[in-house]
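Chain residues, written in single-letter form:
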Amino acid sequence: MKKLMMMTLLLMMMAVTANAKSAVAVKSGDVNVFVQSGKTATLKLDFSKAKIANLSKNELTDKLMRTHLEETDPVTAENWESKHVPECRAFFIERWNEGKNCLKMVDGTSGDYQVIVNIDYIDFGSGSAAVWGFGKKAGGAIIRGTLDVKDASGKTICTLDINDLRGMSQRTMDMKLPTFGRRMALLFKTVAKEVLDFVKAETK
């Protein structure tokens with residue numbers, strides 16, 4: 001009886017593991033586009049269709065993120081394009097360019113490729129959970145969407161799925177408070193790291 005219970009538990013765990021989605025996965029195209037030394041890419045973070053969600057509970061809404069911010073936090077909404085998006089881009093680019101043997105991110109509008117992170121759903125996380133929770137990702141923001149790599153002609157070379165990827169809410173020995181802006185910036189630093197790790201594993 002005991003052996004049967006153990007076997008049943010093992011099979012259940014294997015089923016859960018098999019059905020679990022990876023945080024990053026290839027949707028279409030050639031992932032080798034990322035591993036080109038000497039090639040450059042620009043970065044676009046596309047929040048235009050992003051909707052608010054509680055992704056830790058898979059609770060989705062039809063409300064656009066920008067509408068939600070305008071209704072609940074007008075100051076953040078006003079500073080979104082001028083402050084928060086540039087900070088998210090900067091954190092992504094800084095972490096991405098720490099990778100070796102891959103496309104290098106450059107500022108501006110000219111590069112061999114364009115990397116576009118399309119955010120479908122976003123969960124802003126929780127500042128209080130980040131302060132009182134355990135682990136660097138406690139209370140961190142979460143996104144669901146895709147990452148496209150397009151060439152100079154606009155052709156999509158590769159698309160990756162980003163499946164409910166949770167970002168850090170704070171860094172080791174980081175004395176800064178896990179504010180909304182901080183969590184968002186660290187989210188995109190985490191996205192860069194997770195994509196790089198995935199590409200490395202897929203192309204080794």
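To be clear, the structure that these remarks concern was listed above.
Summary of the structure given here. The numbers attached to residues start from 1 for each chain and follow its sequence in the written order. Residue-level local features of this predicted model are given only where pLDDT is at least 70; pairs of side-chain atoms are given and counted only at 80 or more, and the full residue set underlies all totals for whole chains, interfaces and linings. In computing side-chain properties, one takes all heavy atoms of the structure into account and sets aside hydrogens as well as water.

1. Focus: the overall build of the protein chain
A count of helices and strands for the protein chain gives 5 helices and 8 strands. Here a strand is any run of E in DSSP of at least two residues, a helix any run of H or I of at least four, and the numbering for each starts at the N terminus. Order of helices (α) and strands (β) in the protein chain, N terminus to C terminus: α-β-β-β-β-α-α-β-β-α-β-β-α. When accessible area is computed with a 1.4 Å probe and restricted to protein chains, residues below 20% of their type maximum are described as buried, those above 50% as exposed, and intermediate ones as partly exposed. When the 204 residues of the protein chain are sorted by exposure, 40% land in the buried category. Residue contacts are counted whenever heavy atoms from the two residues lie within 4.5 Å of one another. Taking the intrachain contacts of the protein chain between residues at least 6 apart in sequence as the baseline, contacts between residues at least 24 apart amount to 71%. When the accessible surface of the protein chain is totalled, it reaches about 11,700 Å², and 56% of it is carbon and sulfur. To be clear on the numbers: accessible area is Shrake-Rupley with a 1.4 Å probe, and residue cover counts the displayed protein chains and nothing else.

2. Brief notes about the packing of helix H2 (residues 65-72) against helix H3 (residues 74-96)
Comment: axis = line fitted to C-alpha atoms, over the contacting stretch for helices; angle = value between 0 and 180 degrees taken between N-to-C directions. H3 packs onto H2 with a crossing angle of 135° between their chain directions and a minimal axis gap of 5 Å. Relative to H3, the element H2 lies oblique. Contact with H2, carried on its side by Met65, Arg66, Leu69, Glu70 and Thr72, involves Pro74, Thr76, Ala77, Trp80 and Glu81 of H3 and no other residues of that element. Amino acids outside the nonpolar list (Ala, Val, Leu, Ile, Met, Phe, Trp, Tyr, Cys, Pro) and the charged list (Asp, Glu, Lys, Arg) are all regarded as polar, and Gly is one of them. Class assignment of the residues belonging to the contact of H2 with H3 gives a composition of 5 nonpolar, 2 polar and 3 charged. Here the angle decides the label: under 35 degrees means roughly parallel, over 145 means roughly antiparallel, 65 to 115 means roughly perpendicular, and every other value means oblique.

3. Quick look at the packing of aromatic side chains
Describing an aromatic ring pair means giving the distance of the ring centres and the angle of the ring planes. Stacked, tilted and edge-to-face pairs are distinguished by plane angle, under 30 degrees for stacked and over 60 for edge-to-face with tilted covering the rest, among Phe, Tyr and Trp rings (Trp via its six-membered ring) whose centres lie within 6.5 Å. Within the structure shown, the criterion is met by 6 aromatic pairs. Ring geometry for Phe47 against Trp80: centres 4.8 Å apart, planes inclined by 85°, an arrangement best described as edge-to-face. Residue Phe47 is found in the loop between strand E2 (40-46) and strand E3 (51-54), and its partner Trp80 is found in helix H3; the two are separated by 33 residues along the sequence. Residue Phe47 shares its accessibility class with Trp80, and that shared class is buried. Seen from their ring centres, Trp80 and Phe180 are 6.2 Å apart, and the 50° between their planes marks the pair as tilted. Here Trp80, found in helix H3, pairs with Phe180, found in helix H5 (residues 180-203); they are 100 residues apart in sequence, far enough to count as distant. You can call Trp80 buried: its relative accessible area is 0%.

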